[in-house]
Number of protein chains: 2
Amino acid sequence: MKEERVFSFAGMTSRIIIGEAAPSAGEIIRDAGGNVSGILAICDEHTLPLAKKITSERPASLCVLPPGEEAKTWESVERILKTARDSGLGRDSLFMGIGGGVVTDLAGFAASVYMRGTGLCFVSTTLLGMVDAAVGGKTGFDLFGAKNLTGTFYPASLVYMPVETLRTLPEREWKSGMAELVKTAVIAGAELFQILKSDRLDPDDGETLAACIARAVAVKGGIVEADPLELGTARALLNLGHTFGHALESSAGLGRISHGEAVAWGMVRACELGVKLGVTPPGRALDIRRLLESYDFELEAPHPFMGEDDCFIKAIEGDKKKKAGLPSFIVPGTEGARIVPAARINGTGGWTCVIKNIIDGAAL
Amino acid sequence: MKEERVFSFAGMTSRIIIGEAAPSAGEIIRDAGGNVSGILAICDEHTLPLAKKITSERPASLCVLPPGEEAKTWESVERILKTARDSGLGRDSLFMGIGGGVVTDLAGFAASVYMRGTGLCFVSTTLLGMVDAAVGGKTGFDLFGAKNLTGTFYPASLVYMPVETLRTLPEREWKSGMAELVKTAVIAGAELFQILKSDRLDPDDGETLAACIARAVAVKGGIVEADPLELGTARALLNLGHTFGHALESSAGLGRISHGEAVAWGMVRACELGVKLGVTPPGRALDIRRLLESYDFELEAPHPFMGEDDCFIKAIEGDKKKKAGLPSFIVPGTEGARIVPAARINGTGGWTCVIKNIIDGAAL
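Note that the coordinates shown come from a computational prediction; the quantities given were computed from them, not determined experimentally. (Residues numbered from 1 in each chain as written. Chains lettered and ligands numbered in written order. Predicted model: local features only at pLDDT ≥ 70, side-chain atom pairs only at ≥ 80, totals over all residues.)

Visitor: Tell me about the overall build of chain A, and please be specific about residues and values.
Guide: Summing up its helical and strand segments, chain A has 13 helices and eleven strands in all. Computed over C-alpha atoms, the radius of gyration of chain A comes to 20 Å, within 12% of the 21 Å expected from 2.2 N^0.38 for 364 residues, which places it in the range of a compact globule. Burial analysis of chain A (364 residues in total) assigns 53% to the buried set. Put simply, 72% of the contacts in chain A that link residues at least 6 apart link residues at least 24 apart. (Helix = DSSP H or I, 4+ residues; strand = E, 2+ residues; numbered from the N terminus. Rg over C-alpha atoms; globule rule 2.2 N^0.38 Å. Buried ≥ 20, exposed ≤ 12 C-beta atoms within 10 Å, placed from the backbone. Contact = placed C-beta atoms within 7 Å.)

Right under this line is the structure:
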C-alpha cells in the first residue's frame with residue numbers, strides 16, 4: 001500500500017507519500033534527489049525512538065523537543081537552530097520533522113529561517129498531522145499567548161505519512177485528528193463524510209485509514225494549491241471551527257484543551273451560527289453534531305474550560321484571519337462551507353452579543 | 001528629481017522610489033493601493049524624529065529599537081511583534097521600516113513572520129540601506145554570534161530612498177555604504193566605477209548621489225531578479241568581500257567593526273586571493289584598492305581587530321553560503337566577479353593555509 005500526491009504551493013513542490021511504515025533516512029535522501037549535505041532530525045520525546053530508527057544508518061544531528069503544544073515557543077525554535085548551528089549545517093542540509101503538528105510546525109519554521117531556508121521533510125506521526133498540519137506549508141509557533149502568531153509559509157518538499165504509527169496514538173491525539181478529518185469532510189468531502197458516518201474509523205484498519213487520509217490530503221492540498229498564501233478566501237474555509245476553537249484554546253489557556261477538542265466544539269458553534277443566519281440547513285447541523293458525538297467529543301456550550309465571555313470575544317478579535325479589524329466566521333452551507341464576516345452578523349447588541357449567546361449555549 | 005524602478009522578486013513586486021524628501025504615511029498608503037488596516041512604524045533612536053514626521057498625520061503604532069548592529073537580535077524582533085500584537089494589528093496592516101539596514105532587516109523579518117506575513121515598506125535612510133540592504137528581500141537577525149543566521153526572503157513592496165536623509169549621516173555609516181557601492185561597481189558597473197573614481201562622492205550632491213544609487217539599485221535588483229532565492233550562483237556575486245568581511249566581523253566580535261569597513265577590507269583580501277589564483281588582473285586589484293583608499297578605509301592585513309587566525313577560519317567555515325561543507329570566495333575577474341569554491345584553492349596545507357596567509361598579510 002502506497003499512495004502519492006504531488007502539490008505545487010506557491011511554486012514549491014510538495015510530495016505526499018502515504019504508506020504503511022516510516023522510511024529510512026537513506027530512502028528520504030534518495031527521494032530528495034540526493035543533494036543533502038547534512039541531516040537534522042527534529043522530534044519530541046514520544047517520537048525519539050522513531051527518529052533514532054529512521055536515522056540509524058546515516059550520520060544525523062538530533063534535536064529532541066519537549067512534547068505538547070506548550071513546546072510551541074521561540075525557545076524550541078532556538079533550540080533547533082542552535083543544534084543546526086553547532087552541527088555546522090549549511091543551507092543545503094535537510095531538516096526532518098518527525099512527529100505531530102507541533103514538531104512539524106516548529107521544524108518547518110526553523111527550516112524556513114535557518115540561513116533563510118534549508119531543505120525540509122516531514123515524517124508525520126499523528127492523524128492531525130496527516131490530515132492537516134503537515135500539508136500546505138503553514139509553519140509557526142505561539143507567542144504572547146496567541147496560537148501561531150508567528151510563522152511562515154514553507155511547505156516540506158517531502159511528507160511521509162506512515163499509518164502504522166497511528167496504532168499507538170493516544171486517544172486524545174486520535175480525537176484531535178478526527179476533528180480535522182470531520183472538518184475536511186464537511187468542507188469538501190461528501191464521500192469522506194459518508195465513510196466516516198457509516199463506520200467508526202479504527203487505527204488498526206490501515207487500509208481504510210490510508211484511504212481517508214488520502215482523501216483529506218487531496219481536499220486540503222487542492223484548496224491550498226488554489227490559494228497558497230491565504231490571500232483569497234478559498235483557504236479560509238479550512239478554518240471551519242477554528243475561529244471558535246482557537247478562541248476556546250486561548251481563553252482556556254493554551255494547552256488545556258487539545259486542538260481537536262477545540263475544533264470539534266467550534267464546529268458545532270459554527271453550525272449554530274450558520275443555522276441562526278439561515279446559511280446552514282438545520283438537518284446538516286444535526287448530522288455534523290451526531291458524527292462528532294459518535295467520536296465522543298465534548299460539545300456542550302458553555303465549555304467547562306471556557307473562561308469569561310469577554311476574554312473569549314477578545315481572543316476572537318485577536319484572530320489572525322481578521323480583515324479591516326473584524327473577524328470572520330466559517331459556517332457550513334447546504335454543501336461545503338461559507339465565509340461570514342462579523343459585519344454581516346446583525347442582532348441586538350451587534351455580532352459580539354450573538355457570539356456570546358452561542359458560546360453560552362443560549363442560542364438554540 | 002524622482003527615479004523609480006520596479007522589480008519582481010520570486011513573484012513579489014518591489015517598487016523602489018529614489019527622491020529628495022521622505023514621503024508621508026498618506027503618500028505611502030496611496031502608493032500601497034490604499035488597503036491598509038493599520039500602520040506600525042519601526043525605527044531606531046536616530047530615525048525616531050523622521051518616523052514621527054512621516055506618521056504625523058495618520059494614526060500609527062510605533063516601535064523604537066536601540067541603534068546599531070547589536071540590536072539585530074530576536075529580542076528586537078519580539079519587541080516589534082509585541083507592539084503589533086498589543087496594537088491589535090492584523091495581516092492586512094503595513095509595517096514601515098524607517099532607518100538603515102539593521103532596522104529594515106528587522107522590520108522585514110518581523111513583517112514576514114507576523115501572522116505569516118503582513119504588508120511591508122521601507123524608508124531607507126542610509127547609503128548602505130539604499131545601495132544594498134533595502135533591495136532584494138533579504139531579512140534577518142544575528143544569532144549565536146553569527147550574522148544573519150536567521151532570516152527570510154521577503155521583499156518590501158515599496159522602498160523609498162530619500163537622499164536628503166544622507167546629509168546628516170555619520171561618517172562611519174557613510175563609509176559603510178561606500179564600501180557596498182564600490183562592491184556593486186566592481187561586480188557589474190564599469191560606468192559606476194568610473195564615476196566613483198573620477199570624483200569623491202559627496203552627501204550634499206543629491207543629484208550625483210541619486211544617479212549612483214539608481215545605478216546600484218539597477219545592478220542589485222537585476223541580479224536578485226535572476227536568482228531571488230539565491231539558489232543559483234548569480235546572487236552569490238553580491239557577496240564579493242563578504243566571506244572575508246563577515247568572518248572579520250565575527251572574529252572581531254559583532255559590532256566592533258562596521259559592515260562597510262569589513263567589506264572594504266574583505267574586498268582587498270578577495271583581490272589578493274584572485275591575483276594569487278590568476279583570476280584577478282593585478283592592475284584591476286590595484287585600481288580597486290586605490291578607490292577604497294581614497295575613501296579612507298583601513299585595508300591592511302592583518303586587521304588590528306582580527307583576533308586569532310583559527311577563529312577567523314572557523315567563522316569562514318560557518319558562512320551561510322557554503323556548499324557541501326566548504327565555503328566559496330568571490331573574487332574580481334577581468335571584468336565583473338567570479339566564484340571560487342574553497343576546493344579549487346590549492347596550496348601547501350590546503351585552502352585554509354592560503355587564506356591564513358592572505359589575512360595575515362603574508363600573501364603578496
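Visitor: Lay out the environment of Thr352(B) with the relevant residues and their values.
Guide: Within the secondary structure, Thr352(B) is located in helix H13 (residues 350–359). The spatial distance from the C-alpha of Thr352(B) to the C-alpha of Glu317(B) is 9.7 Å, given a sequence separation of 35 residues.

Visitor: How would you sum up the domain arrangement of chain A? Please name residues and give values.
Guide: Accessible area lost on assembly of the parts is the figure often given for the size of an interface. Residues and elements named next belong to chain A. Domain boundaries in chain A define domain 1 (2–171 + 201–226) and domain 2 (240–359). Here the C-alpha centre of domain 2 lies 29 Å away from the C-alpha centre of domain 1. In this assembly, eight residues from domain 1 lie in contact with eight residues from domain 2. Of the residues that constitute the side of domain 1 that touches domain 2, the class distribution is two nonpolar, two polar and four charged. (Domains from an automatic or database assignment. Nonpolar A, V, L, I, M, F, W, Y, C, P; charged D, E, K, R; others polar.)

Visitor: Describe the interface of chain B and chain A, with residues and values.
Guide: Listed by partner, the interface residues are 31 residues for chain B and 31 residues for chain A. Put simply, the parts of the chain that give the side of chain B that touches chain A at least two residues each are helix H3 (74–86), helix H4 (101–113) and strand E8 (146–150) of chain B. Broken down by element, the residue count for the side of chain B that touches chain A peaks at four residues, all from H3(B). Partitioning the side of chain B that touches chain A into residue classes produces eleven nonpolar, eleven polar and nine charged.

Visitor: Any details on helix H9 (residues 242–252) of chain B? Residues and values, ideally.
Guide: All names here are of chain B. Counting buried residues along H9, eleven of its eleven residues qualify, which places the element largely inside the surrounding structure. For H9, the set of buried residues is His242, Thr243, Phe244, Gly245, His246, Ala247, Leu248, Glu249, Ser250, Ser251 and Ala252. For H9, the elements touching its buried residues are E8, helix H10 (259–277), helix H12 (309–317) and strand E10 (328–332). Note on H9: the residue one or two positions beyond its end, Gly253, has a positive phi of about 100°.

Visitor: Let's hear about the sheet that holds strand E3 (residues 39–44) of chain B: which residues, and what values?
Guide: Two strands in a sheet stick together by hydrogen bonds in their backbones, pointing the same way (parallel) or opposite ways (antiparallel). All names here are of chain B. Here we have seven strands laid out as an open sheet, ordered E1-E2-E9-E6-E5-E3-E4, and mixed in their pairing. Only two strands of the sheet have a single partner each, and these edge strands are strand E1 (2–9) and strand E4 (61–65). Averaged over all adjacent pairs, the angle separating strand axes in this sheet is 15°, with direction ignored. Bridging between strand E5 (residues 94–99) and strand E6 (residues 119–124) involves six bridges; their strand directions are parallel. Within the sheet, the bridge partner assigned to Phe95 lies in E6 and is Leu120. Against the sheet, H4 engages E3, E4, E5 and E6, with an angle of about 165° to E5. (Pairing = 2+ DSSP bridges. Axes fitted to C-alpha atoms, helices over the stretch in contact; angles between N-to-C directions.)

Visitor: Any chance you could break down helix H12 (residues 309–317) of chain A for me, citing the residues and the numbers?
Guide: Residue and element names in this part refer to chain A. Within H12, the full set of buried residues consists of Phe312, Ala315 and Ile316. The arc that holds the buried residues of H12, viewed along the axis, is 100°, so those residues lie on one side. In this structure, the buried side of H12 is in contact with helix H9 (242–252) and helix H13 (351–359). (Arc of directions from axis to C-beta.)

Visitor: Run through the sheet that holds strand E4 (residues 61–65) of chain A, naming residues and quoting values.
Guide: All names here are of chain A. Taking strand neighbours across the sheet as the criterion, the seven strands line up as E1-E2-E9-E6-E5-E3-E4 in an open arrangement whose pairing is mixed. Two strands lie at the open edges of the sheet, namely strand E1 (2–9) and E4, each paired on one side alone. On average, each strand axis in the sheet is tilted by 15° relative to the strand beside it, whichever way the strands run. In terms of strand pairing, strand E3 (residues 39–44) meets strand E5 (residues 94–99) through four bridges, oriented parallel. Within the sheet, the bridge partner assigned to Ile39 lies in E5 and is Leu94. Strand contacts of helix H4 (residues 101–113): E3, E4, E5 and strand E6 (119–124), with the helix running at about 170° to E5, the strand carrying the most contacts. Across the sheet, helix H8 (residues 206–226) is in contact with E1, strand E2 (12–19) and strand E9 (158–162); its angle to E1 comes to roughly 10°.

Visitor: Residues and numbers for the relation of the copies chain B and chain A, please.
Guide: Under the fitted operation, chain B is carried onto chain A by 0.0 Å of movement along the axis and a turn of 180°, and the coordinates agree to an RMSD of 0.0 Å. Expressed as a symmetry operation, the mapping of one chain copy onto the other fits a two-fold axis. Of the residues that chain B buries at the interface, 100% are likewise interface residues in chain A, meaning the two copies contact each other through the same surface. (Least-squares fit on C-alpha atoms with pLDDT ≥ 70 in both.)

Visitor: Tell me about the confidence of the model for chain A, residues and numbers included.
Guide: Of all residues in chain A, 98% attain a pLDDT of 70 or more, and the chain-wide mean is 92. Our summary of model confidence lists the complex with pTM equal to 0.89 and ipTM equal to 0.87. (pLDDT = per-residue confidence, 0-100.)

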